[in-house]
Amino acid sequence: MAKKKRHEEELERGLEKLREYGIPVDEPSADLIDTIKSHLGKGRETDLAIVFLLGRVAAPPALDTLTHLERVASDKEVQREIRRALYKLAQKGFSAGRSETERPSLPKPTLSLGPEIEGYLSSVDGTGGRLVWLAKPQAGSGLQLLQGMVSDREGLVRVGGTIMRRKGLRQMAQDIKERHGVTMISVPWEYADQILYQGYEKAKAFGRSGLEDFTSLRSLFNPVKPKPSSHPVHGRLKSDEVRSGAWRELSRRLLDEPEFRLWILDEDWMKPYLDQVQEAHESRLVLNEAQKEERLAAVVRSAVSEIFSGENGSIFQRRMEDMALYFLETQREESAKLALAVALAINEGDLGGLGSLDITFLTGLVQKSLAFYLSQAKEKA
């Protein structure tokens, strides 16, 4: 009885997590299967809930997904739930009795059901820093945790590892939220691992010390080099929809989000344009207000087209993709689409020059950064 109760409690917690992700668990349908599957691998509780929901969807895609999971699942509780779900579908006329060769070839899921590694990511701060966690259950001893602070310009800045109870991990996440207003979102562990690995490689190239434990700590989760993969947000939002809408023009709204209020572009990125603005102010030419505004607008357009291209553009694209995923996981879908629209525009090199649509977020961020550094210079003077 205790085991059954524990299973039911885990299942209910998993369903609650899916509700938090915006999935209508009370009325699952075939058109939700792809969305439900995208959360596989985030932990046993959510895996149990996903399998339970698939067992309630009387449709071939649900049967195909369950038969595939039956072959790859390693967790015994998940395996039992899969068998229950298949039995329920069989009662509704959907039998899993086809031979292996008759079953449709399904793509391998992005996330493995075992080992149950979990990935967590914070929002990106104004300097391009993120907090990244990997967590893995240890038999009888809680969770093995690997945590790192990664800067997209400097690489892995800090790293540490410990064993702690899940309750302690939840409390640590709650403390971060209360003190800094930052939520640790759940992400595919492969992506979290990729961020940490790439950060370590960059830090190593810079010759940074103090990271000697990273390799041994990471080997507890993944002993091999991570495989290149696309950003997970692209599997959650439709790029074509974002491209075709008015998201670029509306993207300035992002500056009102709490996470962006402290974003200022790095000073070395802004310095050439600060000099141009200073020269305009000190020019001996007599300029009227309209001419001054046009000159400033030209500096801003130049800054947008030059800062967000090349290597800097790739760095900033990743920042915006991470923020799109962050907004999506914190129930702000409109802001997620705005952030992804900015990332897509940077990737495609369509940066709002003369004759094209303005990416108002980038324009606003450059203007905000110019004002900040000019104010600093004035205070020093």
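You'll find the structure just up there.
How each quantity is defined
- Residues numbered from 1 in each chain as written.
- Predicted model: local features only at pLDDT ≥ 70, side-chain atom pairs only at ≥ 80, totals over all residues.
- Heavy atoms only, no water.
- Salt bridge = Lys/Arg side-chain N within 4 Å of Asp/Glu carboxyl O.
- Helix = DSSP H or I, 4+ residues; strand = E, 2+ residues; numbered from the N terminus.
- Buried < 20%, exposed > 50% of the residue type's maximum accessible area, 1.4 Å probe, protein only.
- Contact = heavy atoms within 4.5 Å.
- Polar contact = N/O pair within 3.5 Å; in protein donor to acceptor, adjacent residues only side chain to side chain.
- Core = buried A, V, L, I, M, F, W, Y, C linked by side-chain atoms within 4.5 Å.
- Pairing = 2+ DSSP bridges.
- Axes fitted to C-alpha atoms, helices over the stretch in contact; angles between N-to-C directions.

(A) Geometry of the pattern of salt bridges. Evaluation of the coordinates by the stated rule reveals 28 salt bridges. Between Arg 84 and Glu 81 there is a salt bridge whose closest N-O contact spans 2.9 Å. Taken together, the residues Arg 84 and Glu 81, both in helix α5 (residues 76-91) and 3 residues apart, mark about one turn of the helix. For Glu 81, a relative accessible area of 3% corresponds to the buried category. Arg 130 is paired through a salt bridge with Asp 322; the nearest N and O atoms lie 2.6 Å apart. Of the two residues, Arg 130 is situated in strand β2 (residues 129-138) and Asp 322 in helix α13 (residues 310-329); the sequence distance between them amounts to 192 residues. Of the two residues, Arg 130 and Asp 322, neither departs from the other in class, the shared state being buried.

(B) Looking closely at the environment of His 231. Take His 231: it is sitting in the loop between α8 (214-219) and α9 (239-244). Along the sequence, His 231 and Tyr 191 sit 40 residues apart, while their C-alpha atoms lie 7.6 Å from each other. Setting aside its immediate chain neighbours within four residues, His 231 contacts Tyr 191, Arg 318, Glu 321, Asp 322 and Leu 325. Within the structure, the side chain of His 231 is placed 2.7 Å from the side chain of Asp 322, a separation counted as a polar contact.

(C) How the structure looks around unusual backbone geometry. The phi torsion at Gln 331 lies on the positive side, around 65 degrees, for a residue other than glycine. Secondary-structure assignment places Gln 331 in the loop between α13 and α14 (333-348). The class of Gln 331 is partly exposed, set by a relative accessible area of 48%.

(D) Region of the structure containing the nonpolar core. Residues Phe 308, Phe 316, Met 320, Phe 361 and Leu 362 are the most contacted members of the largest nonpolar core, which totals 81 residues. Sort the elements by how many residues they give to this core and α14 lands first, with 10 residues. Excluding residues that lie within four positions of it along the chain, Phe 308 makes contacts with Leu 265, Ala 303, Gly 313, Phe 316, Ile 346, Leu 351, Leu 362 and Val 366.

(E) Region of the structure containing the environment of Asp 358. Counting through the fold element by element, Asp 358 comes out in the loop between α14 and α15 (360-380). Linking Asp 358 and Val 304, residues 54 residues apart in sequence, is a C-alpha distance of 9.9 Å.

(F) Representation of the side chain of Gln 194 within the structure. With respect to the helices and strands, the residue Gln 194 is situated in helix α7 (residues 189-205). A distance of 3.2 Å separates a polar atom in the side chain of Gln 194 from a polar atom in the side chain of Ser 229. Ignoring anything within four residues of it in the chain, the contact list for Gln 194 reads Pro 226, Lys 227, Ser 229 and Arg 318.

(G) Broad picture of the sheet that holds strand β4 (residues 155-164). Spatially, β4-β3-β2-β1-β5 is the arrangement adopted by the 5 strands of the open sheet, whose pairing is antiparallel. The open sheet has two edge strands with one neighbour each: β4 and β5 (185-187). The average angle at which neighbouring strand axes cross in this sheet is 25 degrees, direction not considered. With 10 bridges joining them, β2 and strand β3 (residues 142-151) adopt antiparallel strand pairing. Bridged to Gln 138 within β3 is Gly 142. Helix-sheet contacts for helix α6 (residues 166-180) involve β1 (118-121), β2, β3 and β4, and the interaxial angle to β2 is about 165 degrees. Where α7 meets the sheet, its contacts fall on β1, β2, β3, β4 and β5, and the angle it forms with β2 comes to roughly 125 degrees.

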